[in-house]
Number of protein chains: 2
Amino acid sequence: MYDDLKQFVTQFAHLSREEWEAVMPFIEIRNLKKNDYFIREGEIARYISFTQKGYLRVLYNHDGNEITRDISPLHTFVTALPSYVSQTPSFEIVQAITDCELFVIYRDHLEALYDRYNNWQRVGRRIMEEMFVQTQSRIYAFITQPAEVRYDEMMKQFPDIFQHVPLQYIASYLGITSQSLSRLRRSVKF
Amino acid sequence: MYDDLKQFVTQFAHLSREEWEAVMPFIEIRNLKKNDYFIREGEIARYISFTQKGYLRVLYNHDGNEITRDISPLHTFVTALPSYVSQTPSFEIVQAITDCELFVIYRDHLEALYDRYNNWQRVGRRIMEEMFVQTQSRIYAFITQPAEVRYDEMMKQFPDIFQHVPLQYIASYLGITSQSLSRLRRSVKF
DNA sequence: TTGTTTTTTTACCAAATGTTAAAAAAATTC
DNA sequence: GAATTTTTTTAACATTTGGTAAAAAAACAA
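Report follows, based on the coordinates. Because the structure is predicted, anything quoted here is derived from the model rather than measured.

### Some details on the interface of chain A and chain B
Link 1 in the chain: Listed as interface residues are 39 residues of chain A and, on the opposing side, 38 residues of chain B.
Link 2 in the chain: The largest share of the area that chain A buries against chain B comes from R125, F132 and Y140 of chain A, three residues that together contribute 20% of it.
Link 3 in the chain: Remark: the boundary between chain A and chain B carries six salt bridges.
Link 4 in the chain: Ionic pairing is found between R126 of chain A and E111 of chain B, a salt bridge with its closest N-O pair at 3.0 Å.
Link 5 in the chain: If you look at where chain A meets chain B, you find 18 residue pairs in polar contact (both at pLDDT 80 or more).
Link 6 in the chain: Counting only elements with at least two residues in the side of chain A that touches chain B, the list comes to strand 4 (56–62), strand 5 (65–71), helix 3 (81–86), helix 4 (107–116), helix 5 (118–144) and helix 7 (167–174) of chain A.
Link 7 in the chain: With 19 residues, helix 5 of chain A is the single largest residue contributor to the side of chain A that touches chain B.
Link 8 in the chain: Here the residues of the side of chain A that touches chain B sort into 19 nonpolar, ten polar and ten charged.

### Things to note about the sheet that holds strand 6 (residues 77–78) of chain B
Residue and element names in this part refer to chain B.
Link 1 in the chain: Spatially, four strands are ordered 1-8-3-6 in an open sheet, and the strand pairing comes out antiparallel. Bordering the open sheet on either side are strand 1 (28–32) and strand 6, each of which pairs with just one other strand.
Link 2 in the chain: Contacts from helix 1 (residues 3–10) reach strand 3 (47–53), strand 6 and strand 8 (100–106) within the one sheet, and its direction differs from that of strand 3 by about 120°.
Link 3 in the chain: With respect to the sheet, helix 4 (residues 107–116) is in contact with strand 3 and strand 8, its orientation differing from that of strand 8 by roughly 60°.

Cut-offs and rules
- Each chain carries its own residue numbering, running from 1 in the direction its sequence is written.
- Think of it this way: whatever chain is written first is A, whatever ligand is written first is 1, and the rest follow in order.
- Confidence filtering applies because this is a predicted model: local features only for residues at pLDDT of at least 70, side-chain atom pairs given and counted only at 80 or more, and all residues used for totals across whole chains, interfaces and linings.
- Think of the side-chain values as coming from all heavy atoms in the structure, minus any hydrogens and water.
- Contacts are assigned to residue pairs with any non-hydrogen atoms lying within 4.5 Å of each other.
- Here the buried area means the combined drop in accessible surface, using a 1.4 Å probe, for two parts upon being joined, counting both sides.
- One speaks of a salt bridge when a side-chain nitrogen belonging to Lys or Arg is within 4 Å of a carboxyl oxygen belonging to Asp or Glu.
- For the purposes of these results, a polar contact is taken to be a pair of N or O atoms within 3.5 Å, where, inside protein, one atom must be able to donate a hydrogen and its partner to accept one; residues adjacent in sequence count only when each atom of the pair is a side-chain atom.
- For the purposes of this entry, the term helix denotes a DSSP run of H or I that reaches at least four residues, the term strand denotes a run of E that reaches at least two, and both are numbered from the N terminus.
- Only Asp, Glu, Lys and Arg are considered charged, only Ala, Val, Leu, Ile, Met, Phe, Trp, Tyr, Cys and Pro nonpolar, and every remaining residue, Gly among them, polar.
- Strand pairing is assigned whenever DSSP detects at least two bridges linking the two strands.
- Axis definition: a line fitted to C-alpha atoms, limited for helices to the stretch in contact. Angles are taken between N-to-C directions and run from 0 to 180 degrees.

As structure tokens, this is what we get:
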């Protein structure tokens with residue numbers, strides 16, 4: 001049932017049986033249809049989600065344009081983090097790109113788990129460290145690589161995403177317009 | 001002595017007197033001269049630094065060009081994080097931009113502190129959350145703002161940096177060449 | 001100070017990406 | 001399946017940024 005979740009978290013720290021089972025009562029299964037919202041604009045992000053099935057994106061409205069900041073790979077945690085950590089209204093929106101099955105954990109429950117088990121707190125810390133490292137490499141990509149290379153790398157790293165995610169979201173994630181993405185896709189082919 | 005450090009960490013969690021004092025024996029003061037290295041390329045990052053005085057930058061060599069990924073504001077933690085978390089040789093270099101006074105803490109000591117005090121583990125987690133949120137807003141800037149706006153925002157947010165940090169490092173941090181930075185600085189003036 | 005090295009600026013041209021508009025293709029709805 | 005809506009592609013032109021080279025300015029060293 002929670003195999004993927006278990007595998008994900010135990011990458012970061014070994015958990016005793018008791019520690020692992022302590023999270024169980026806090027996991028809530030939520031199914032979203034394509035285009036449903038996980039977090040709406042202005043809402044306070046009171047929970048975090050592990051994507052068991054499907055793809056979410058994190059976006060925000062910038063002068064009427066939707067800016068996709070993140071497209072979640074399978075089996076990772078997603079929320080509108082700025083809102084989640086500060087418990088203030090979210091400028092970010094989290095939306096289902098495809099039908100999704102999510103494991104949802106409320107922040108209050110997770111914080112209680114952290115209070116009780118140092119080891120869970122460690123898992124939380126290590127996951128954040130890892131996410132930070134990944135975000136940094138994305139910044140390196142923006143600094144050093146033209147859009148075409150960023151696109152190629154993304155295709156290599158997340159080939160499954162291209163079967164499920166509209167190109168306009170991918171273009172925004174790469175920091176270009178969908179017209180530009182179209183153009184560089186054409187030039188790559190030949 | 002450690003007032004700035006104490007203020008920084010207690011932003012993230014309240015610490016009892018015992019908890020605060022537990023870190024003291026682990027703090028090592030290190031002074032760097034301008035251009036000295038804190039972490040060298042290929043070295044394993046075995047410690048983290050709080051910049052009490054001065055500015056560090058995090059960079060790496062990309063086809064012979066130095067790419068500045070980060071310029072540390074005063075009173076924050078810095079290390080070559082990918083190496084630090086995985087304990088593998090660092091591709092990133094951490095170098096003093098100005099003379100620096102650093103509070104250095106070894107990873108082994110910090111991990112021991114985390115093991116012993118859940119509250120310190122919490123501080124570590126919250127700092128990583130905060131750093132992640134900041135890095136994300138930098139990604140938003142890359143996606144939505146042209147270099148000129150990114151430059152203006154940086155000047156607003158870190159005006160002190162411009163008195164100490166060479167423009168070429170700032171250009172690289174902004175993701176442009178120093179020639180381009182020169183050009184847009186000229187156009188802003190009038 | 002003088003000479004040397006490094007950094008910043010300027011200029012010109014090239015390449016990458018944005019903007020606007022419209023057509024084509026695909027997905028969705030009735 | 002036909003009509004409608006959304007997404008993707010194409011095209012022409014504008015703007016931003018990069019690359020190369022060299023001059024000017026600043027920092028550093030003898």
